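Coordinates in review
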Amino acid sequence: MKGKYLGDYLIMGIIIIIGLAEVVHLAAVFLGLPFGRGAVLWGGLAGTAVLIMAGMFLYEWKKCKWNPEKKEKRNVIDGILLILFAILVISQLIFICTGYPAYREGDMTLETVKSFLAADGIYRINPMTGAAYTAGMPMRLKVLCLPTLYACICRITGLSPDFVVRILIPVIILLSCYTAFGALACSLFPAEETVSGRKRACFLTAAALIMWVGTYRYGMDGFQLLYCGWRGVTIRNCVLLPWLFSLSIRGKWMSVLLCILAEACIVWTLYGCGWCFFAALGMAAAGLYCRKRMEKSLRER
């Protein structure tokens, strides 16, 4: 089985941060923990997790840097593809950082974050009216933690909710998206194969181009990534699923379980919660089928 990639640490760190936000969120919803205390608790735990993951990343990076066997020779075509990929990603970053293309219709994430900060509590006031909640809300929606995560970032850093929700988070998700696709490219085209570097570069360039093309219609992954990168469905489709496929190919099923749990914390049922679980089942079935076919072929020989 293939080992770890550097990009794994970035995505693992994001999943851990989401999990810590879910703990704080549930404590505030069911135990009445004040939001301010929860934000401080989240900040301490998340900061510790980030330092640990950064240390592991640097350690692995040094191992890769000083290991001559892992270095691959690149030619002009590989360089051109990588430059094209970089241009596509940079143009998408500029597009997001302008702040204007954010899709706001029917989305109350920003208003919900502001209500958490204003009330120092989770779902105490209606973000649309400013009054206290008089009716309940679906429990499956109430337990989702992304608004709490964004509000914690605002409280800890002092950044405005508009900047965090519409620019900072979409930029992080964009970079995480291509990190996940990079891990998938490395899994599909291992270094032992001929011209694996060119195949990976082609794969990443095609992925970035498809994201641009996919902005033409609401619901497409490209639209979700470039217009509403703060949504849970965007994180699931563009980060968790590609990384899950990479993990499945490498046989790292414990990390696959983390993808399933992370999706449950950020995606509402009506937006297709459970796709990571079904994708994992499909990959496990495909792997089992391929293994059986290989064993049968070996016996026949």
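Heads up: these notes are all about the structure in this document. (Residues numbered from 1 in each chain as written. Predicted model: local features only at pLDDT ≥ 70, side-chain atom pairs only at ≥ 80, totals over all residues. Heavy atoms only, no water.)

**So, the overall build of the protein chain**
So the rule is basically this: The way it works is that DSSP assigns letters per residue, a run of H or I at least four long becomes a helix, a run of E at least two long becomes a strand, and they are numbered from the N terminus. For every residue, the accessible area (1.4 Å probe, protein chains only) is compared with the maximum for its type, and the residue is labelled buried under 20%, exposed over 50%, or partly exposed between those bounds.
Scanning the protein chain from terminus to terminus reveals twelve helices and zero strands. Seen in sequence order, the protein chain has helices and strands lined up from the N terminus as α-α-α-α-α-α-α-α-α-α-α-α. Expressed along its principal axes, the backbone C-alpha trace of the protein chain runs to roughly 70 × 45 × 40 Å. The proportion of buried residues among the 301 residues of the protein chain is 46%.

**Side note on the environment of Gly38**
Within the secondary structure, Gly38 sits in helix H2 (residues 35-65). On the basis of relative accessibility, which here comes to 1%, the residue Gly38 falls in the buried class. Sequence separation of Gly38 and Ala27 is eleven residues, and the distance between their C-alpha atoms is 8.0 Å.

**A short note on the packing of aromatic side chains**
Which entries qualify depends on this criterion: Aromatic pairs are defined between Phe, Tyr and Trp rings, using the six-membered ring for Trp, whenever the two ring centres lie within 6.5 Å; interplanar angles under 30 degrees are classed as stacked, those over 60 as edge-to-face, and all others as tilted.
Counting across every chain of the model gives nine aromatic pairs. Aromatic pair Phe95 and Trp212: ring centres 5.4 Å apart, planes at 75°, arrangement edge-to-face. Of this pair, Phe95 sits in helix H3 (residues 76-97) while Trp212 is found in helix H8 (residues 196-213), placing the two residues 117 residues apart along the sequence. The interplanar angle of 70° and the centroid separation of 6.4 Å between the aromatic rings of Phe189 and Phe203 together place this pair among those described as edge-to-face. With a gap of 14 residues between them, Phe189 in the loop between helix H7 (161-188) and H8 and Phe203 in helix H8 connect regions that are remote in the sequence. Residue classification places Phe203 among the partly exposed residues on the basis of a relative accessible area of 22%. Three or more aromatic residues joined by ring pairs form one cluster here, namely Phe95, Trp212, Tyr218, Phe223 and Tyr227.

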